[in-house]
Amino acid sequence: MAEGLLRAVDIYKSFVGVQALKKVSFEINPGEIHCLAGENGSGKSTLIKVISGVYSPDSGYMEFGGKRYEKITPIDAIQSGIQVIYQDFSIFPNLTVMENLAFNSELADRRKIVNWKRMRKIATDAIAKINFKVDLDAMVGTLTVAEKQMIAISRALMFNTKLIIMDEPTTALTKREVRNLFNIILKLKERGIAILFVSHKLNEVFEISEKFTILRSGELVATGSTADLDSEKFSFFMTGREFQKKTFVPLNVSKEPIFQAKGIGMKSAFHDVSFDLRRGEIIGITGLLDSGRTELALSLFGIRPIDHGAVLVNGEEVKIINPQVAMQHKIGYVPEDRLSEGLFLTQSIADNIVISEIDSLANKIGILDHKRRSEEIERWVRELAISTPNPDNACQTLSGGNQQRVVLAKWLALNLDILILNGPTVGVDIGSKHDIHGILQKLAEEGLALLIISDDLPEVLENCSRILVMKSGSIVADLDAAKSDEKTILSYMM
Amino acid sequence: MKKILVLMIIVLMVVPMVFAAGQAEKKTGYEIVVVPKDASNPWFVRMKVGVDEYAKETGLNVYQKGTAQIDATLQAQLIQDLIAQGVDALCVVPVDLESLEPVLSQARKAGIVVITHEGAGLENVDYDIEAFSNAGYGAFIMDNLAEAMNFEGVYTTMVASLTNGSHNEWADAGVARQKEAYPKMQLLAAEKRVESFDNGDVAYNGAKELFKKYPKLKGVMGTSSYDAPGVARAIEELGLIGKAFTSGTGMPLDNAALLESGVVQSLTLWDPALAGKAMIALAVKVLDGEKIEGVVDLGVDGYTNMKFKKGSKTVLEGEGWIVINAKNVYDFGF
Amino acid sequence: MKSTISNTLQKLSRRNEPYVFLVLMLLCVLIEIRSGQFFSSNNLVDIASAFAVPGLFAIGAFMVIISGGIDVSFPALASLSVYATTKFLLDVNYQGGVWLAILIALALGAILGAFNGLFIGYFRLPALIVTLGSSSVFKGIMQGALNSKQLTVIPIGMKNFGTSSLFIAKNPVSGLTSRMPVAILAFLIVLFLVYFLMRYTMFGRGLYGIGGSEISAHRAGFGVRNTKFIMYVMVGMIASLAGVMRVCMMQQAHPTNMLGMEMNIIAGVVLGGTAITGGRGTLLGCMLGTLLIVIVENSLILIGVPTSWKSVFTGLLIIIGTGVSAYQVSRMNRVRSVETVAKEVV
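Reading the values: rules and limits
Residues numbered from 1 in each chain as written. Chains lettered and ligands numbered in written order. Predicted model: local features only at pLDDT ≥ 70, side-chain atom pairs only at ≥ 80, totals over all residues. Helix = DSSP H or I, 4+ residues; strand = E, 2+ residues; numbered from the N terminus. Buried ≥ 20, exposed ≤ 12 C-beta atoms within 10 Å, placed from the backbone. Contact = placed C-beta atoms within 7 Å. Axes fitted to C-alpha atoms, helices over the stretch in contact; angles between N-to-C directions. Parallel < 35°, antiparallel > 145°, perpendicular 65-115°, else oblique. Nonpolar A, V, L, I, M, F, W, Y, C, P; charged D, E, K, R; others polar. Domains from an automatic or database assignment. pLDDT = per-residue confidence, 0-100. Core = buried A, V, L, I, M, F, W, Y, C linked by C-beta atoms within 7 Å.

## Observations regarding the overall build of chain C
Here is step 1: A count of helices and strands for chain C gives 15 helices and two strands.
Here is step 2: A buried classification covers 52% of the 346 residues belonging to chain C.
Here is step 3: For chain C, long-range pairs separated by at least 24 residues make up 76% of all intrachain contacts whose partners lie at least 6 apart in sequence.

## Some points on the packing of helix α3 (residues 97-108) of chain A against helix α4 (residues 116-129) of chain A
Residue and element names in this part refer to chain A.
Here is step 1: Two numbers describe how α3 lies on α4: the axes approach to 8 Å, and their chain directions differ by 100°. As judged from the angle between their axes, α3 and α4 are roughly perpendicular. Contacts from Val97, Met98, Glu99, Leu101, Ala102, Ser105 and Glu106 in α3 reach Met119, Arg120, Ile122, Ala123 and Ala126 in α4.
Here is step 2: Class assignment for the residues of the contact of α3 with α4 results in eight nonpolar, one polar and three charged.

## So, the interface of chain C and chain B
Here is step 1: With 31 residues of chain C in contact, the opposing surface of chain B contributes 30 residues.
Here is step 2: Of all elements in the fold, only α3 (41-66), α6 (127-143), β2 (177-181) and α14 (300-303) of chain C reach the threshold of two or more residues within the side of chain C that touches chain B.
Here is step 3: Of the residues assigned to the side of chain C that touches chain B, the class counts are eight nonpolar, 19 polar and four charged.

## Things to note about the domain arrangement of chain C
All names here are of chain C.
Here is step 1: Segmenting chain C into domains produces domain 1 (37-299) and domain 2 (307-346).
Here is step 2: The centre of domain 1, based on its C-alpha atoms, is set 28 Å off from the matching centre of domain 2.
Here is step 3: Sorting the residues of the side of domain 1 that touches domain 2 by element identifies α12 (261-271) and α13 (283-297) as the ones contributing at least two each.
Here is step 4: A total of four residues in the side of domain 1 that touches domain 2 trace back to one element, the largest contributor, which is α12.
Here is step 5: Taken together, the residues of the side of domain 1 that touches domain 2 sort by class into five nonpolar, two polar and one charged.

## Things to note about the confidence of the model for chain B
Here is step 1: Across chain B, pLDDT averages 87, with 91% of residues at or above 70.
Here is step 2: Throughout residues 18-27 of chain B the model reports pLDDT below 50, and contacts reaching past four residues in sequence, or to other chains, amount to one contact.

## Re the nonpolar core
Here is step 1: Within the largest apolar cluster, 220 residues are counted, with the highest numbers of intra-cluster contacts made by Ile165(A), Leu56(C), Ala61(C), Phe62(C), Met63(C), Leu241(C) and Met245(C).
Here is step 2: In terms of residue count, the dominant contributor to this core is helix α11 (residues 224-250) of chain C (17 residues).
Here is step 3: Not counting the four nearest positions on each side in its chain, Ala61(C) is found in contact with Asp71(C), Phe74(C), Ile265(C), Ile266(C) and Val269(C).
Here is step 4: Ranked by size, the runner-up nonpolar core spans 70 residues in total, among them Leu296(A), Trp380(A), Ile453(A) and Val460(A).

## Observations concerning the arrangement of the chains
Here is step 1: For this structure, the chain pair with the highest number of contacts among two pairs of chains in contact is chains B and C.
Here is step 2: The two partners chain A and chain B share no contact, and the minimum distance between any of their C-alpha atoms is 18 Å.

## Focus on the domain arrangement of chain B
A common way to report how large an interface is uses the accessible area buried once the components associate.
All names here are of chain B.
Here is step 1: Segmentation of chain B into domains returns domain 1 (30-132 + 272-319) and domain 2 (134-269).
Here is step 2: Contacts between the two partners involve 12 residues from domain 1 and, on the opposite side, 11 residues from domain 2.
Here is step 3: Contributing elements (two or more residues each) for the side of domain 1 that touches domain 2: α2 (42-58) and α4 (97-109).
Here is step 4: When the residues that make up the side of domain 1 that touches domain 2 are grouped by side-chain class, the tally is six nonpolar, two polar and four charged.

Written out as structure tokens, the structure reads:
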């Protein structure tokens, strides 16, 4: 075996009394694709920052190419060939691609005067390395997430890079972009560049990495070859909990559909969409990003009203022209980007829960009934197991999974009939994801009708009774979830 | 770093206290405060000379306190602070009449004697002192301007702001005087009154525009002490010396060069130091319980023969105007 | 070839400068129609001369806003340093040229700017709070320590500089003359230097970078603190230079009559397309925006708008102008999202 590229041995690190890393060791070899996994707060980011010299460890040491360091600076790390690509890609959205690419090396060379010709050459060379084609004069802020990521990768490769650390690189990418990214990672591997991939997405870990390291509460729980890992083990290592996969079986399906879409359409988004939804059912709608799935969801809730066809609720035609009408007919919507659309992050958890039912909590003269308010809040915090010491804390103090539960609570407080969820577990860790799935299934059993829009195929397969596959704005398949698998769905999607 | 910050904050807090302690000399008798429009205008710096002199002569606790900028709101705040401080009398040169009424009413309710200067329209005062009747002074400026213009041609008027009390009264009186005595002169119909905001640069730029837009314009009647000097700069730069003229209030020494070079033939004035003294003298009389009626003698030059303005029970007018020209510009000592 | 032209046009249409330029031209034509005086040589010289000082201030404000900060203290800073300079030179009865006044004012400006830079750059306090505070401190020093009052006599060197002219424009019709002040050279020199700084030095690009993302700038290796600190020092010097020019041209040092200029200056910079959030904007746009404000302020009598409506007119212009740039931004975002979707479909 070749000499290790990097070894971190018995690293301890604590912050004002909180032990972030406890005796964590880590090793990566040249050309190795290594996945570092762990839930929020497991110490992943701390470990990355120790490796890249941002934090110095309380004890323990590191070895780069056999050279031992007790403490390193970010500059040492860069000189040893380590580059970190953070989730925000460390880009300047207001500047051109060229400047974004060239700044680092210009600064490293301690240049004072800008030579635009030289910068253009640096940038051209940088993107050529990964065969990335982009207008060097484009403003980076106008690019897609994937393109920004390519810029970050190109920039990282400009130095004599031996290890690239990527922090949650697939979070905002579409499936096609993820595939593209993986191809590039494999090419880098061929050149002997090691990749440390931080992720909590199961399928990615299996697909791309050869080795894995899983942290939990600052401790190393498992490390080894991905080949020896399966999804049960992975979930267990991540959470410390055993999960039984619970595939949804619809129990109390109503005879009459509560919601019917008849040939509905919206210009340049989707057309001729028809389906029935019954109480107790969970229907999954899946498709690629441009398939019209998100627009459909928005239409059903009245954010972007339909211009064709009819919607029937309880057998009667309803014109859902805005979200207020949708809510009057007991339809709720949990948006894709809960951070920007579904929650007031700086407001308290409690306020977020009761916001949509605030009118019903007021007494006759319009004054808020504080007792009933706190009862409601207590009830939902308990029922959805939102883990917070105090519901008066701001929503942004919660983890992604718990924030999603607050969004759910906010809607459930309204006693809905129909709940539309768009990407219900995007950016949520495994434990919470499992819990949310449990909640959704339980709600269906209690008689709610659910519509899940998601491109997470295991998610729809596990939690839905029926799956509608969308492509180019129309439904191309209506599948029974129990008799379907990922391959079949993918074949319809592509 | 934090320590340095804390240290700096402490220093910032302690320094003013030390200063404040140094200023707290004991004075006896009435505490009378003169509040000018601002503290830096030489006009009010001159007024302070009179106030300080008065304090020295009488030993009363009399002082002048002005805001950093000419600003009606700041002035009102300062007066409110003084009310809270419990002074005996306030002598105010108001920036803006209307916005000051409520504050002055507050002062009077608190039992404070309120004397104003250049505030003839105010209601909530004990008395208002004018160095002269506004009509008299406005006419006086017009006489000077008319003489410079050789009693003919188009002119306009300039005030600090259209809400300024006395400036507008002077301008009105000036226009009235022209109509009555100088039939060959004519008020510019399109721009009868422009504002200078008590800012020489605004007066200068405004005058440049006026002379460009209205080639017939031959004279500008200034009121604020920034107006005529600012207009004079424009006249000089535009090459209009001897063709366009201005007159109005102005401080002698500050404008010596303009007067001597002939850009401006004459300026008009009263002595702010004396006006300051007169205000305080009147305040003392009121505080002493003296009856103010008939002809009032404040014992200050030009204010020995003060009469109530026609129809007013609060406005007292003196005869304090003076003309300044190249001959007497150095005679005043300010 | 054709596509490059349409490409260029398309890029141009997304920028702010052409719109500001258009508004500027419309305004000029309006003034010309109403007064027949706008395009006369002496009026153009008058505008250039009225532009020199606000132009200098705007250059400083531009740098600060690009870096993601804001400075409301520059009028107070300029007032203090030029007042102190003038007073000192009067006290020592200085009879030499204007250069010493400029040097002293620049030095004072650097010190006062460093005061801002220290708190904003090194202590990382919010720029608005710091400059509001320093503005009061500077005014306070003037009022308290310097016991300021209007100085109507200024040192002979400054006076001569203020009245000297590059050339004198004479209107052949009305015979009116206007001086092109030598001070305009100071403005042009600073404009050139700052243009070079912002475009061709890593320092200048660093300001753009910091304005775009401070964290990214830090990670890329820019010395964020030092860059900010040095920038505030520079801005202090530019503001002080503007103060000296103003006093020379006015032939008197008034301690307060520059105060309050900050709002219109900042409005002009934003009007010219500089994003108030930092990172985006060009010096050209900034100059056009400032010019627009200066022309409006100095042409209302020419248009025939009563002076009492001046602030209403200026305010409306700012709202419309910034509204146009806001509309531009939202239009750009829409174009972007369409393009993004298009890319993902491919």
